[in-house]
Amino acid sequence: MAATLSRLRESRSWWFDLIVFCAGILTFGLALTYVEPHDWTHTLTVLAGVPLIVLVARFPMVLDDGRHGIEVGFDSTILIFLLCTIEVPDALAVWSLGVIITQVTTGKRLASKLFNIGVGILAGALAAVVLDLFRGEELGTPRELVAVALAAACYFATDFVLSAVSVAIAADTPVRSQLLQPGTVFAVACFVPFDTLGYLAAIVYRATPWWMLSLLAVPVVTLLVATRALTRGRENARRLSVLFDAAVRAQTVQGPDELVAALLDDARALVRLSDVPLRAEPPGSGEIGAELRRGREVHWIVAQATDRARSTVKADEQALQALAAVASEGFARLELTAEKVHVARHDPLTDLPNRGILLDRLTRALVVARRRRTRVALMFLDLDGFKPVNDRFGHATGDAVLIELAQRLRECVRKSDTLARLGGDEFAILVEDTGEVEIDSLCARLMGAVSAGVTVAGQQVPLGASVGVAFSSGGASAEDLLRRADLAMYEAKARGKGRWVRYESSIGRARLQRLELVEDLRQALVEEEISVVYQPVVEVPTGRIIGAEALARWHRDGTPVPPDLFVSVAEETGQIIRLGDQVLDQVVRDAAAVREVTGDGFVLGVNVSARQLRDAGFVPGVQRAVSAMRGIGLLLEVTEREGVDADPVVLDAMRRVDDLGVRLAIDDFGVGFSSVGYLHSLPAQVIKVDASLTRDIDFDDRAAALLHSVTLMVRSLGLDVVVEGIERQSQLDRICADERLILAQGYLLHRPMPLAELLEVLQEPTRPASLAAAEPARASLM
């Protein structure tokens, strides 16, 4: 409807402008019929009239209401001069020709050109009629001056009224509002006196040589420049106001679409044109434009290059460029804000939603699920075996692995699901309106994507995942569901990793107990409540104790905590470094008492983890311990299954420890992978065969043969062997039958004991009754 009304107004305005044009052309033609072609006695007046009309017409006064403008020209001064110096038909002919040339040479719209031609000729004709009627026969009289003033007023009124009607039709506003504009009275006050300059020029021309007219050039030029300056000054002030409002709006709008709409409104107001599009193509012929950058995209604000009194084409283009700069800054602000919001709510490495977005979506999903009586599932996925990737290849490689795994996980979930990274190697997946069968299938896909492993530096690195699943129930909140999924994931790891576990209330209680254990262990380390016991290493078959392994013990509220339990907790939580330091410090303190009983040459073994070896303070701590133990040897036992061969930091620490004269033992040998393959690369001197290889040697010939082959192979590498797990006499007898196996450790020989008991055992002259009498074979851990 609005578009139809707009087209109707444009049609009515066009017809009015065309009627005015036709009336003007008819008047011009009528004037030409009265012109005597060879009777122009004032040739100079005729020749100079047209150019002067065109020139002075370039300096009009503009009256506008903020949306449309009416140009009031002072070229009528030339009309008054012509009417006072040559015949009326001749003057109208010259005037009409000047008006036509003026409009043809402008860059205005066709309708504006036609209307201005018509109104100029009509106003000139009416002014001529009024002047001819009232000035009388005599020239240079007060009556003629009054007649000139009336003619000038008539010209202004005709021009102004017809222009106001045309604008009112085009803008669909009352004619009264166009007539009573601010500045109308000022325009009349300027216009009539200015036109009398034409009469003054005519008097000078009549009474003096023609060149005396040059004296009027200064006041005329001054008035024209002043008028132009006033018009341009007001236009510049208006533009600055528009640009200021645009700058304020560009900094307050909340979205790109809103900013585009504001930009187009401001552009139309700036150049006072209704058709100012934003497009991808630059301006063409007859157009002006300004480049606008919207992120990486380039757009153009384009307008028609219109020649108007209130401004120049260059000024319009500069104004658009200023507006484009304001808009570009506005788009940059919106883009920066959007980027900040995105960064604040997404993981910077994988660009996955972060914990905040996950909880928001989970909260909404729970509300919808309660209303629809459906179920929501939250999966907590933690990678297995990822830490060695960081430790061996560096964090940059680890980040690349996480990015690849994130992409694999994306391919496993639906578009409606939410995959988020919670930090480190932890991910969460929110699945709405689902059941246990669908979740089991999704878990299988996720674990399959991870278990495919990754290729790092040309090597295939195996990975796995442990997944905890929690389903919505009752009034559980988003935080509750996330915590339950987290507990289920830890339960999956506790059950052996590489599996998924659904949350049950019993898991929560077990996890809570484990958290309490973690806190109690931390407090125990702070208060140094960890004690040390020693399990001797015996030379077979003599029974001579040549060393002892230091083992950590902890009593929690008077109840002993299984070492495997609290050591694994210390390893998981990073407290293993402090635990290891305390054990080593205790061994250093006990070394003096051991030396008093055994003299030099006795060896005390201490278990260390790969995490301790990665710690920057480990090697200096070992160096201090060696200096303090003075004569008592130190053996560091590293567990084979920690993959120490794959970590350059660990290998470097082991070599530095070896340079200090400290012997290294590979503990639990035989339970890991590639055990034999990496022995040549480790600076180890002792191999402690795991109890799993000795468990069945007393009744299984294949087990005995395997143990024999392993020890033979290790000894061929020049390494000493300690056989662990000797708990039965039949196991010991089998070892004694092989004269190569001369070092052993186990409950049958000696149980772990406090330092005082160890000192008593070391002072006993006899060997354990379990050892058969035989010629002693010598072995040493030193």
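Because the structure is a prediction, the values reported are computed rather than measured.

Reading the values: the criteria
Residues numbered from 1 in each chain as written. Predicted model: local features only at pLDDT ≥ 70, side-chain atom pairs only at ≥ 80, totals over all residues. Heavy atoms only, no water. Helix = DSSP H or I, 4+ residues; strand = E, 2+ residues; numbered from the N terminus. Contact = heavy atoms within 4.5 Å. Areas by Shrake-Rupley, 256 points an atom, 1.4 Å probe, with all protein chains shown as cover. Buried < 20%, exposed > 50% of the residue type's maximum accessible area, 1.4 Å probe, protein only. Pairing = 2+ DSSP bridges. Salt bridge = Lys/Arg side-chain N within 4 Å of Asp/Glu carboxyl O. pLDDT = per-residue confidence, 0-100. Phe/Tyr/Trp six-rings, centres within 6.5 Å; stacked < 30°, edge-to-face > 60°. Arc of directions from axis to C-beta. Axes fitted to C-alpha atoms, helices over the stretch in contact; angles between N-to-C directions.

## Re the overall build of the protein chain
Tallying secondary structure elements over the protein chain gives 25 helices and 22 strands in all. Across the protein chain, every contact between residues at least 6 apart in sequence was considered, and the portion connecting residues at least 24 apart equals 70%. Entry remark: accessible area of the protein chain is about 37600 Å², with carbon and sulfur atoms responsible for 57%.

## Details of the pairing of strand S13 (residues 531–539)
With respect to burial, S13 is a largely interior element, eight of its nine residues being buried. As paired elements, S13 and strand S14 (residues 544–553) share nine bridges and run antiparallel to each other. Following the sheet pairing, Val538 is matched in S14 by Ile545. Linkage of S13 to S14, two consecutive antiparallel strands, is achieved through a turn of four residues, within which Gly543 is found at a positive phi near 85 degrees. Relative to strand S22 (residues 743–744), S13 is paired through two bridges, and the arrangement is antiparallel. Across the sheet, the residue bridging to Val538 is Ala744, located in S22.

## Comments concerning the pattern of salt bridges
Following the criterion strictly, the structure yields 20 salt bridges and no others. A salt bridge links Arg522 to Glu519; its shortest N-O distance comes to 2.4 Å. With Arg522 and Glu519 both in helix H17 (residues 505–526) and three residues apart, this pair spans about one turn of that helix. Relative accessible area serves as the criterion here: at 39%, Glu519 is assigned to the partly exposed category. Glu539 is paired through a salt bridge with Arg544; the nearest N and O atoms lie 3.3 Å apart. You can call Glu539 buried: its relative accessible area is 0%.

## Here we look at the confidence of the model for the protein chain
Per-residue confidence for the protein chain gives a mean pLDDT of 79, with 82% of residues at or over 70. A low-confidence stretch, residues 1–9 stays under pLDDT 50, and its non-local contacts, those more than four residues away or across chains, total four contacts. Counting interchain partners and residues more than four positions distant, the pLDDT-below-50 stretch residues 772–778 has 14 contacts.

## Here's the deal with the packing of aromatic side chains
Tallying each qualifying case throughout the model produces three aromatic pairs. Here the aromatic rings of Phe16 and Phe115 are separated by 6.2 Å at their centres, their planes lie at 35 degrees, and the arrangement is tilted. In this pair, Phe16 is assigned in helix H1 (residues 2–33) and Phe115 in helix H5 (residues 110–134), connecting sequence segments 99 residues apart. Both rings, one in Trp95 and one in Tyr155, keep their centres 5.8 Å apart while their planes meet at 80 degrees; by these two values the pair is edge-to-face. Of the two residues, Trp95 sits in helix H4 (residues 88–104) while Tyr155 sits in helix H6 (residues 142–171), which places them 60 residues apart along the sequence. Tyr155 matches Trp95 in its accessibility class, with the two residues each being buried.

## Description of helix H25 (residues 755–763)
Buried within H25 we find Leu755, Leu758, Leu759, Val761 and Leu762. Along the long axis of H25, the arc covered by the buried residues comes to 160 degrees, so they all point the same way. Exposed side of H25, more than 90 degrees from the buried face: Ala756, Glu760 and Gln763 are the residues found there. The elements touched by buried residues of H25 are S13, S14 and helix H19 (576–598).

## A short note on the sheet that holds strand S4 (residues 287–294)
In spatial order, the strands read S3-S5-S4; together these three strands make up an open sheet with antiparallel pairing. Each edge of the open sheet is held by one strand with a lone partner, namely strand S3 (278–279) and S4. As paired elements, S3 and strand S5 (residues 297–304) share two bridges and run antiparallel to each other. Across the sheet, Leu278 pairs through a bridge with Ile301, a residue of S5. Its contacts with the sheet put helix H10 (residues 256–271) on S3, S4 and S5, and the angle it makes with S4 is roughly 155 degrees.

## Examining the sheet that holds strand S8 (residues 426–432)
With mixed pairing, the five strands of this open sheet are ordered in space as S7-S8-S6-S11-S12. Two strands in the sheet have a free side with no partner beyond their single neighbour: strand S7 (418–423) and strand S12 (500–502). Each strand of the sheet is rotated relative to its neighbour by a mean of 20 degrees, with strand direction disregarded. Across seven bridges, the pairing between strand S6 (residues 376–384) and S8 is antiparallel. The partner of Leu378 across the bridge, within S8, is Leu430.

## Here we look at the environment of Arg544
For Arg544, the location among the structural elements is in strand S14. Linking Arg544 and Leu743, residues 199 residues apart in sequence, is a C-alpha distance of 9.7 Å.

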